[in-house]
Amino acid sequence: MALSSGSKKQTLFISSLIVLWYSSNIGVLLLNKYLLSNYGFKFPIFLTMCHMSACALLSYISIVILKIVPLQMINSRKQFFKISTLSVVFCCSVVGGNISLRYLPVSFNQAVGATTPFFTAFFAYLMTFKREAWVTYAALVPVVTGVVIASGGEPSFHLYGFIMCISATAARAFKSVLQGVLLSSEGEKLNSMNLMLYMSPIAVLVLLPATILMEPNMSDTIFLLGRKHKFMWLLLLVNSVMAYAANLSNFLVTKHTSALTLQVLGNAKGAVAVVISILLFRNPVTFIGIAGYSLTVIGVIVYGETKRRFK
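Basis of the calculations
- Residues numbered from 1 in each chain as written.
- Predicted model: local features only at pLDDT ≥ 70, side-chain atom pairs only at ≥ 80, totals over all residues.
- Heavy atoms only, no water.
- pLDDT = per-residue confidence, 0-100.
- Helix = DSSP H or I, 4+ residues; strand = E, 2+ residues; numbered from the N terminus.
- Salt bridge = Lys/Arg side-chain N within 4 Å of Asp/Glu carboxyl O.
- Buried < 20%, exposed > 50% of the residue type's maximum accessible area, 1.4 Å probe, protein only.
- Phe/Tyr/Trp six-rings, centres within 6.5 Å; stacked < 30°, edge-to-face > 60°.
- Core = buried A, V, L, I, M, F, W, Y, C linked by side-chain atoms within 4.5 Å.
- Contact = heavy atoms within 4.5 Å.
- Lys, Arg positive; Asp, Glu negative; His and termini not counted.
- Polar contact = N/O pair within 3.5 Å; in protein donor to acceptor, adjacent residues only side chain to side chain.
- Axes fitted to C-alpha atoms, helices over the stretch in contact; angles between N-to-C directions.
- Parallel < 35°, antiparallel > 145°, perpendicular 65-115°, else oblique.
- Left-handed = near helix turned anticlockwise from the far one by under 90°.
- Nonpolar A, V, L, I, M, F, W, Y, C, P; charged D, E, K, R; others polar.

Of all residues in the protein, 97% have pLDDT values of 70 or greater, and the mean over the chain is 89. Within the protein, the lowest mean pLDDT, 81, falls on helix α12 (residues 259–281), and the highest, 96, falls on helix α2 (residues 44–65).

Here it is, written out as structure tokens:
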């Protein structure tokens with residue numbers, strides 16, 4: 001009976017983590033879109049800096065004060081340089097994604113983002129000469145084909161937004177491969193929470209001058225928006241906390257479930273985000289666009305399955 005009770009508690013705990021993971025990931029995506037497209041908040045670099053500031057502060061509280069995970073120290077300048085490189089690439093991917101949300105609907109943004117496995121396989125081959133089975137590479141064909149079809153059937157297609165979105169997706173994949181290459185030795189490996197603890201402050205230092213140079217009218221416009229919309233600062237705060245919650249819940253779900261479960265949940269999460277965004281923002285969709293996105297998701301699922309089987 002005690003075992004049954006413990007099992008129920010574990011199931012409830014994991015279910016709560018998955019709900020937190022879904023709500024924080026989808027919530028930050030939808031709030032980003034709302035702020036950048038519907039709210040007049042046209043500063044994606046500053047928004048990213050807010051996210052990174054929240055991640056830096058909350059990572060410190062979680063690791064150093066609450067001790068959710070043990071603190072891992074940086075052991076050398078070489079390791080610090082590697083983490084700094086990862087941080088810059090990570091910045092590029094997040095900023096690119098946020099810029100794309102100004103011009104593209106969330107549904108199309110998610111369709112393009114689903115091609116991450118294609119870019120991961122591409123960079124893994126270029127940087128590590130790691131080859132997968134031919135069946136695994138064949139599974140990537142519908143992933144890319146689906147996005148091409150979705151692009152042709154997207155009523156709100158915007159070329160600059162598409163370029164930013166595809167660049168952000170490529171940068172995200174590049175960062176994951178680069179992380180495996182740079183932090184490969186046992187003495188340099190960091191768990192995702194400690195990596196975020198060190199990457200976030202570096203990201204803020206990179207984004208601050210970028211914000212000043214590339215978004216010069218940001219402060220005046222934001223204060224005007226703050227006066228006009230009394231909940232803007234609250235939205236910005238919630239959005240930034242959600243960005244950290246997404247990283248924290250991703251770490252915890254990875255820790256307490258299997259890689260396969262995470263993959264299945266991730267694929268479903270993209271589909272849920274698309275449905276919610278269409279209901280909220282009422283962006284027009286076409287049969288061709290839906291068919292293209294569906295083909296991409298099917299390709300991602302098949303790719304994950306073939307990679308697992310032919311590992």
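With that out of the way, let us pick up the pattern of salt bridges. As enumerated under the stated definition, the model contains three salt bridges in all. E305 is paired through a salt bridge with R309; the nearest N and O atoms lie 2.9 Å apart. Of the two residues, E305 and R309 are both situated in helix α13 (residues 287–309); the distance of four residues between them amounts to about one turn of the helix. Judged by its relative accessible area of 63%, R309 is exposed.

If you walk through the whole model with that rule in mind, you get twelve aromatic pairs. Taking 5.4 Å as the distance between ring centres and 80 degrees as the angle between the ring planes, the aromatic pair formed by Y103 and Y160 counts as edge-to-face. Of this pair, Y103 sits in helix α3 (residues 77–103) while Y160 is found in helix α8 (residues 159–182), placing the two residues 57 residues apart along the sequence. Since its relative accessible area comes to 27%, Y103 is described here as partly exposed. On the basis of relative accessibility, which here comes to 39%, the residue Y160 falls in the partly exposed class. Their ring planes at 65 degrees and their centres at 5.4 Å tell us that F122 and F123 sit as a pair that is edge-to-face.

Moving on to the nonpolar core. Among the nonpolar cores identified, the biggest contains 58 residues, and F41 and F46 are the most heavily contacted of them. Every element with two or more residues in this core is listed here: α1 (2–38), α2, α3, α8, α9 (192–214), α10 (218–228), α11 (232–256) and α12. Among the elements that line this core, the one with the most residues is α9, at eleven residues. Those residues within four positions of F41 in sequence are excluded, and the remaining contacts are L35, L36, F46, L47, I222, L225, M232 and L236.

We now examine the side chain of E215. Along the chain, the position of E215 falls in the loop between α9 and α10. Buried charge without a salt bridge: E215, with R102 as the nearest opposite-charge side chain at an N-O distance of 6.7 Å. Only 3.0 Å separates the side chain of E215 from the backbone nitrogen of I45, close enough to count as a polar contact. At 3.1 Å, the side chain of E215 forms a polar contact with the backbone nitrogen of F46.

What follows deals with the packing of α3 against α9. Look at α3 against α9: their axes get within 8 Å of each other, and the N-to-C directions meet at 65 degrees. For the element pair α3 / α9, the angle class is roughly perpendicular. Along this stretch, α3 crosses α9, giving a crossing that reads as right-handed. Contact with α3, carried on its side by F80, I83, S84, L86, S87, V88, F90, C91 and V95, involves L195, M196, Y198, M199, I202, A203, V206 and L207 of α9 and no other residues of that element. In terms of residue class, the contact of α3 with α9 is built from 15 nonpolar, two polar and no charged.

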